[in-house]
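Structural description and commentary
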Amino acid sequence: MPQESRGSRYLSRTATLKAYVFLDFVILILIICMQRFIEETRKLKQMTANANSVFYTAEEVKQHTTDDDCWTVYKGIVYDITEYAKVHPGGRKIFLGKGKDCTELFDKYHPWVNAQYLIGKYQVGVLRQ
Ligand code: HEM
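Cut-offs used in this document
Residues numbered from 1 in each chain as written. Predicted model: local features only at pLDDT ≥ 70, side-chain atom pairs only at ≥ 80, totals over all residues. Buried ≥ 20, exposed ≤ 12 C-beta atoms within 10 Å, placed from the backbone. Helix = DSSP H or I, 4+ residues; strand = E, 2+ residues; numbered from the N terminus. Pairing = 2+ DSSP bridges. Near = placed C-beta within 6 Å. Nonpolar A, V, L, I, M, F, W, Y, C, P; charged D, E, K, R; others polar. Core = buried A, V, L, I, M, F, W, Y, C linked by C-beta atoms within 7 Å. Contact = placed C-beta atoms within 7 Å. Domains from an automatic or database assignment.

It is worth spelling out the pairing of strand β3 (residues 69-74) at this point. Most of β3 is tucked away, with five of its six residues classed as buried. What sits between the antiparallel neighbours strand β2 (residues 65-66) and β3 is a turn of two residues. Looking at chain direction, β3 and strand β4 (residues 77-80) are connected through four bridges and run antiparallel. Each residue of the ladder has a partner; that of Trp 71, found in β4, is Asp 80. Hairpin remark: β3 followed by β4, antiparallel, with two residues in the connecting loop; positive phi at Lys 75, about 50°.

In structure tokens, the structure reads:
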């Protein structure tokens, strides 16, 4: 067999090998991403399914006071109001209740509003007394 042809076959084998190694790497990354996604979804499902049996202290609620991560407590229930705050008809006034119990303020401004109906899906837990 001519020298040149053996050389080019060797080169093409190396290229194939490299391609397989690269593919393995991509598949590995994909598997890791999928595992993370499944784990996060499972955690989220557990959190929302058991929102009544997840307890938070006032100290923990106090850690969530930014526009991107805002919790409040209404009548003993802990809500993540980050998303709702963006559409709150009373604008940024809702942030007066950030990281704390907003029951008094809420009832002062709109005692007729049904909180559970509007933000029930954002319940993250219950306040540990
Ligand atoms: C510290 C907490 C809160 C404060 C200080 C506050 C304050 C206000 C204010 C000042 C208004 C405007 C009233 C007006 O324009 O006449 C308003 C409207 C409203 N807020 Fe809040 N809010 C708070 C939390 C919430 C939460 C957690 C919800 C959701 C459950 C909510 C739902 C509403 C609704 C539905 C309206 C419209 C009420 C209506 O026009 O009948 N608010 N709020």
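This is not the end of the story, as more comes after the structure.
An order of β1-β5-β4-β3-β2 is seen for the five strands of this open sheet, with the pairing classed as mixed. Each edge of the sheet is formed by a strand with only one pairing partner; in this case those strands are β1 (55-56) and β2. With two bridges joining them, β1 and strand β5 (residues 123-127) adopt parallel strand pairing. Paired with Tyr 56 across the bridge in β5 is Leu 127.

Residues other than glycine seldom take positive phi values, yet Lys 75 does so here, at roughly 50°. A residue is classified by how many C-beta atoms lie within 10 Å of it, and Lys 75, with 12 of them, is exposed.

As a further point, take the site of the ligand. Taken together, 18 residues sit near the ligand, with Pro 89, Gly 90, Lys 93, Gly 97 and Cys 102 positioned nearest. Broken down by secondary-structure element, the contributors of at least two residues to the shell around the ligand are α4 (103-109) and α5 (115-119). Its residues assigned to classes, the shell around the ligand comprises 13 nonpolar, four polar and one charged.

Here three bridges tie β4 to β5, and the two strands are oriented antiparallel to one another. Counted as the bridge partner of Val 78 is Gly 125 from β5.

Before going further, it helps to examine the nonpolar core. By size, the foremost hydrophobic cluster in this structure holds 15 residues, and its most contacted members are Trp 71, Val 73, Tyr 74, Ile 77, Val 78, Tyr 79 and Ile 81. For this core, the element with the most residues is β3, which contributes four residues. With residues up to four places along the chain from it excluded, the contact list for Val 73 reads Val 61, Val 78, Lys 100, Asp 101, Cys 102 and Leu 127.

When the domains of the protein are assigned, the result is domain 1 (3-49) and domain 2 (52-127). A straight line from the C-alpha centre of domain 1 to that of domain 2 covers 43 Å.

Once that is clear, we can look at the environment of Gly 97. For Gly 97, the position within the fold is in the loop between α3 (82-85) and α4. Assessed through the 21 C-beta atoms surrounding it within 10 Å, Gly 97 is described here as buried. C-alpha separation for the pair Gly 97 and Tyr 20, spaced 77 residues apart in sequence, amounts to 56 Å. Those residues within four positions of Gly 97 in sequence are excluded, and the remaining contacts are Thr 72, Cys 102, Leu 105 and Phe 106.

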